[in-house]
Amino acid sequence: QVQLVESGGGSVQAGGSLKLSCRASTNTYNMRCMGWFRQAPGKERERVATASADGDDIAYADSVKGRFTISKDDAKNTVYLQMNSLKPEDTAMYYCAAATAGIWCGQAPQDFYNYWGQGTQVTVSS
């Protein structure tokens, strides 16, 4: 069983930045896909950003393109989400997820991801 633990969330003003971290209990290079998802109260969980094991297949939701960057440090078993120019609509619980099989990480349905973290809250005030 793979455990994922997110950190780095918090409250910021619009236009600010946060960097989220996700530490895995296994080598992140062994995961086919790593991803960040978010869910606001009363809304369904949505994909934010995903990355393949080799880092060549990276995808972002249209709403965060140009503002968010996903990256990995396999030596630290950690995936990051750099969030810049934050907007109030970015407010949500952010979850880290990992998938052990498959391709096209950014296009796969959410049930493609086998493991999920507990989430870290991001709140952006206007």
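The coordinates are above.
First, a word on what this report is: a plain description of the structure on this page. (Residues numbered from 1 in each chain as written. Predicted model: local features only at pLDDT ≥ 70, side-chain atom pairs only at ≥ 80, totals over all residues. Heavy atoms only, no water.)

1. A look at the state of the cysteines
- Tallied over the entire structure, the rule returns two disulfides.
- With its sulfur 2.0 Å from that of its partner, Cys22 forms a disulfide with Cys96. The sign of the S-S torsion, about -80°, decides the handedness of the disulfide formed by Cys22 and Cys96: left-handed. Taken as a pair, Cys22 in strand E3 (residues 18-24) and Cys96 in strand E9 (residues 92-99) lie far apart in primary sequence, 74 residues in all.
- Classification of Cys22 by relative accessible area gives buried; the value is 0%.
- Looking at Cys96, the relative accessible area reads 0%, which means it is buried. (Disulfide = S-S within 2.5 Å. Helix = DSSP H or I, 4+ residues; strand = E, 2+ residues; numbered from the N terminus. Buried < 20%, exposed > 50% of the residue type's maximum accessible area, 1.4 Å probe, protein only.)

2. A few points about the pattern of salt bridges
- Scanning the entire structure with this criterion turns up five salt bridges.
- Its salt-bridge partner being Glu46, residue Arg38 comes within 2.8 Å of it at the nearest N-O pair.
- Since its relative accessible area comes to 5%, Arg38 is described here as buried.
- Given the relative accessible area of 39%, Glu46 is considered partly exposed.
- A cluster of three or more residues bridged by salt bridges with shared partners is formed by Arg38, Glu46, Arg67 and Asp90. (Salt bridge = Lys/Arg side-chain N within 4 Å of Asp/Glu carboxyl O.)

3. As for unusual backbone geometry
- Phi is positive for Asn77, which is not a glycine, with a value near 55°.
- Take Asn77: it is sitting in the loop between strand E7 (68-73) and strand E8 (78-83).
- With a phi close to 50°, Ser85 is a non-glycine residue in the positive phi region.
- Topologically, Ser85 is positioned in the loop between E8 and E9.

4. A short note on the nonpolar core
- The biggest cluster of nonpolar side chains holds 30 residues, and the ones touching the most others in it are Leu4, Trp36, Leu81 and Tyr94.
- When neighbours within four sequence positions are excluded, Tyr94 is seen to be in contact with Glu6, Leu20, Trp36, Phe37, Arg38, Val48, Phe68, Leu81, Met83, Gly119, Thr120 and Val122.
- Counting residues in each nonpolar core, the second largest holds eight residues, with Cys33, Phe37, Phe112 and Tyr113 among its members. (Core = buried A, V, L, I, M, F, W, Y, C linked by side-chain atoms within 4.5 Å. Contact = heavy atoms within 4.5 Å.)

5. What to know about the environment of Ala49
- Position of Ala49 among the secondary structure elements: in strand E5 (residues 46-52).
- Overall, the relative accessible area of 0% leaves Ala49 in the buried class.
- With 65 residues separating them in the primary sequence, Ala49 and Asn114 have C-alpha atoms 16 Å apart.
- Apart from residues lying up to four places away in sequence, Ala49 is in contact with Met34, Gly35, Trp36, Ala59, Tyr60, Ile70 and Leu81.

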